[in-house]
Amino acid sequence: MFESIRLAPESASTLSGQVDAIYYVSVLISLVFTVIIFFLVVFLSVKYRRRHADQVGVPIHGNNMLEIGWSVLPFIIMLFLFAWGTKVFFSLCRPPAQSTEYYCVGKQWMWKFQHPDGHREINELHVPTGHPIKITMTSEDVIHSLYFPSFRTKCDVLPGRYTSLWFQPTKPGEYHIFCAEYCGTQHSGMVGRVIVQTPREYELWLAGGKTSTMTPVARGEELFTALACVTCHRQDTAVRGPGLAGLFGKRVQLANGGTVLADETYIRESILSPNTKVVAGFQPLMPTFQGQVAEDDLMSLIAYIKTIQPAAGAVPAGAAALRRAGFTTDGTP
Amino acid sequence: MTQTALSPEQHVDYLNDGYGWKSWLFTLDHKRIAMLYLVSVSFFFALGGLFAGLVRLELLTPQGDLFGPDIYNRLFTMHGVIMVFFFLIPAIPAVLGNFLIPLMVGAKDLAFPRINLLSWYIYVVGGLFTLGAMIAGGVDTGWTFYTPFSTNYSNSYVVATGLGVFITGFSSILTGFNFIVTIHRMRVPGLGWFKLPLFVWAHYATSLVMILGTPVIAVTVLLLALERGFGLAIFDPTRGGDPVLFQHLFWFYSHPAVYIMVLPAMGVISELIAAFSRKSIFGYKFVAFASLGIAVVGFVVWGHHMFVSGQSAYASVVFSFLSMFVAVPSAIKIFNWSATLYKGSVAYETPMLYALGFIGLFTIGGLTGVMLATLGIDVHVHDTYFVVAHFHYVMVGGTIMGYMGGLHYWWPKMTGRLYPQFWSRLSAMIVFVGFNLTFFPQFIMGYMGMPRRYHEYPPEFQVLHVMSTAGATILGVGYLLPTIYFIMSLRKPVHAGNNPWNAVGMEWQTTSPPPTHNFVSTPVVTEAYAYAEGGQGVH
């Protein structure tokens, strides 16, 4: 059990060693100062302990040279840490020009990644070693923070704007992905893993995921899971969102008192601008998918929703499909 | 420590000058108001401590087994809100400052006794708002209330809690205002600025921060409430607002608030080190001006909370530099306190044990603060347990150690009673051990990558979490003991004598407990800490 105690996570990127170096040096400096202070306090308070009840201290009021010394010396050491830390910081926040760009969308409570070739993953990210990778990120809801402890980097993921981070993995393996900015109920569940592969393994993995050609309904079913439609529009419960079984072609009672025919136009509008026509009895909780679902995928989704029937036949896609699944996003919220 | 029982025809003091609830709830006596504050902040400390205990209990195992995530999130949020706004900020100024500043400047009371009582009522109303929100279902945003989670997503009582914080802020402003006027205008003739105890200097610096900083949190919380309640889109990015603006506003107050919490503790430590070394504080003026320096520079370091928030990298560089700069006056204080022990007459009374503990723990808190101000390190450890450990070393290892030390030092003055030496020394040592066991492992798990505010966590962190929870249990015992022996001491008759420590300082020139108007005859003005000069306190 105790062998799990280490001082640092796996060092798996080109910059993680640099961060560790400055950390260990500053730990050493802190240790030296702590030992000096502890020693001074213990030594002096023992040596000059009160020996009889009326004893008073020797009246010493100060020493200007000492004051200057212990103000300037720590400050010089801090300037050194400041300069070094700033240098490492600029390395961390300036991706090399030849970086490959990946995309990430955070939402309560999952990470959605997209590879340059359009390949998509949820809560998992495959990356090759030996090449700088830049991730451009945005959030669909609250502020998250994408954190790779083994690469010693993180950056907040904000709604309505883009931020980015970069790293160049050096060591194949599986490492944690955490959300570091508190984001609500399942904050601690907004985790995943980054799988670092050799470039060859990575190519094979990419090729493996692109083999099938799918019907629009199958593609839509995948999207339905991948986009997490399934978490709210479930068959068995209708707590957060209305069930979709047998919906197509029916009249829907709206919260504002009116009704609407559930045709292709309405379903499309409900995906892109869900708060415009809210179904009676539900809160306008659904996030907008405006700009996140490409037109062809939208059509696939509608095709799938048309096929959902009560009871059997509409079971959400399984875990394997989830992993392969794509969802289209160009990142705009 | 002779137990010279005073004769039954003893003096009328502030405690026996009137009985019944009216004599307390309508009192204008700064000493009684301090006692009202003591009772209320102790209540909130116990409540915040209970939440901390439940959080630590949940974290014993990697799975979320004791509470669901929503409960857990409410627990750590209420722990933070209560500890920061209802305990750490008011504790030392409103209890010890309130009681002692008039005594230390030789005044009958604070400049505005009615405003002083008002500040306590405002504090209570703010506290009741927050308690009400808690009973209704609590709040789950973290004590930092980050938008847009707090404005648009949280399904908890954000506005009610925020209003509690908003209201309580006014109590803080009024207290700071009262202290500043008192220190300027009510010093006994002959008591120049550089004869003031460093406790008073520290409270002067704190009061400046209270007056200048607190209105900013009031505005911030008000905007938050307007946005959540009325849809004012200040922070909502989908309607053109900026969620990061909230962080700037929040930390513009909440970083200086750290100094509201720790500066008074530093003032206490100066008094304790001087009294139990029987010696003037080494470098008095440097320590005094260090307090003002911290208060001023502390206003321009807030951006170090936002190095990974999407803030401009160049702004981060400036904030990193300033944050290191503010560490210098803190270092000056640490060195001067240590040097004061040199050729002193050091007694290991309980308050001194707390003071020596403070020096050790605050040193670690300060040095890890420098590490966090180092940009290249912060990117990795930001929002991890490293930060949690760091600010607990400052807040618990600093502020609470100072508060406990001060309470033990002035308890005979405030109540006329002594507490058992054995148990109090033991509890000081239990606190020191328990504290380190609780929070030191959190530095390690923080650098390992354990994010804060996690209900569940990967199993490799469990050993460190178990150590932390074990430490918290010990720490809890360390805080429980003083609660018991302080309360029990009140059952005894007044027996402490006027000056059990043979300390100098004007508060020790009057009787214990002091009479309602503090001094029967005009106190003698000397330099601060005039021990070698045959100071009036040494018999």
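Conventions adopted
- Residues numbered from 1 in each chain as written.
- Chains lettered and ligands numbered in written order.
- Predicted model: local features only at pLDDT ≥ 70, side-chain atom pairs only at ≥ 80, totals over all residues.
- Helix = DSSP H or I, 4+ residues; strand = E, 2+ residues; numbered from the N terminus.
- Buried ≥ 20, exposed ≤ 12 C-beta atoms within 10 Å, placed from the backbone.
- Contact = placed C-beta atoms within 7 Å.
- Pairing = 2+ DSSP bridges.
- Axes fitted to C-alpha atoms, helices over the stretch in contact; angles between N-to-C directions.
- Parallel < 35°, antiparallel > 145°, perpendicular 65-115°, else oblique.
- Left-handed = near helix turned anticlockwise from the far one by under 90°.

K.L.:
Would you mind showing me how to read the overall build of chain A here?
P.N.:
On a plain count of helices and strands, chain A comes out with 8 helices and 12 strands. The 333 residues of chain A split such that 37% are buried. For chain A, the proportion of contacts with a sequence separation of at least 24, taken over those separated by at least 6, is 68%.

K.L.:
Just to check I follow, could you spell out the sheet that holds strand 6 (residues 144-148) of chain A for this structure?
P.N.:
Hydrogen bonds between backbone atoms are what pair the strands of a sheet, whose relative direction is either parallel or antiparallel. Residues and elements named next belong to chain A. Ordered by their spatial adjacency, 5 strands build an open sheet running 4-10-9-6-7, and the pairing between neighbours is mixed. Both outer strands of the open sheet, strand 4 (124-128) and strand 7 (153-157), are each paired with one neighbouring strand and no more. Adjacent strand axes in the sheet meet at a mean angle of 20 degrees, parallel and antiparallel pairs treated alike. Note that strand 6 and strand 7 share 5 bridges and pair antiparallel. Its bridge partner being in strand 7, Leu146 is matched across the sheet by Cys155. Set on the sheet, helix 3 (residues 199-208) makes contact with strand 4 and strand 10 (192-197); between it and strand 4 the angle comes to about 130 degrees.

K.L.:
Is there a simple way to think about the sheet that holds strand 5 (residues 133-139) of chain A in this case?
P.N.:
All names here are of chain A. The mixed open sheet is built from 5 strands, whose spatial order is 3-2-1-5-8. Sheet topology places strand 3 (120-122) and strand 8 (163-167) at the edges, where each strand pairs with a single neighbour. Ignoring strand direction, the axes of neighbouring strands in this sheet form an average angle of 25 degrees. Bridging between strand 1 (residues 100-107) and strand 2 (residues 110-114) involves 5 bridges; their strand directions are antiparallel. Its bridge partner lying in strand 2, Val105 is registered against Lys112.

K.L.:
I'm lost on the packing of helix 3 (residues 69-104) of chain B against helix 14 (residues 385-415) of chain B in this one. Help?
P.N.:
Axes are the key here: two packed helices are described by the angle between their axes and the distance separating the axes. Residue and element names in this part refer to chain B. Running from amino to carboxyl end, helix 3 crosses helix 14 at an angle of 25 degrees, the nearest separation of the two axes being 11 Å. Between helix 3 and helix 14, the angle falls in the class roughly parallel. The chirality of how helix 3 crosses helix 14 is left-handed. Residues Leu88, Ala91, Ile92, Leu96, Phe99 and Leu100 of helix 3 touch helix 14, and the partners they reach there are Met395, Thr399, Gly402, Tyr403, Gly406, Trp410 and Met414.

K.L.:
In this structure, what is going on with unusual backbone geometry? I would like to understand it.
P.N.:
Trans peptide bonds make up the majority, and among non-glycine residues the majority have a negative phi. Between Gln108(A) and the following residue, Trp109(A), the backbone shows a cis peptide bond with an omega angle of -10 degrees. Relative to the helices and strands, Trp109(A) is located in the loop between strand 1 and strand 2. Going from Ser512(B) to Pro513(B), the amide bond is cis rather than trans, its omega being -10 degrees. Along the polypeptide, Pro513(B) turns up in the segment after helix 16 (462-489).

K.L.:
How should I be thinking about the interface of chain B and chain A in this particular structure?
P.N.:
Where interface size is given, it is often the accessible area lost as the parts come together that is meant. Counting from both sides, the interface comprises 77 residues of chain B and, opposite them, 76 residues of chain A. Here the element with the most residues in the side of chain B that touches chain A is helix 12 (residues 350-373) of chain B; it accounts for 9 residues.

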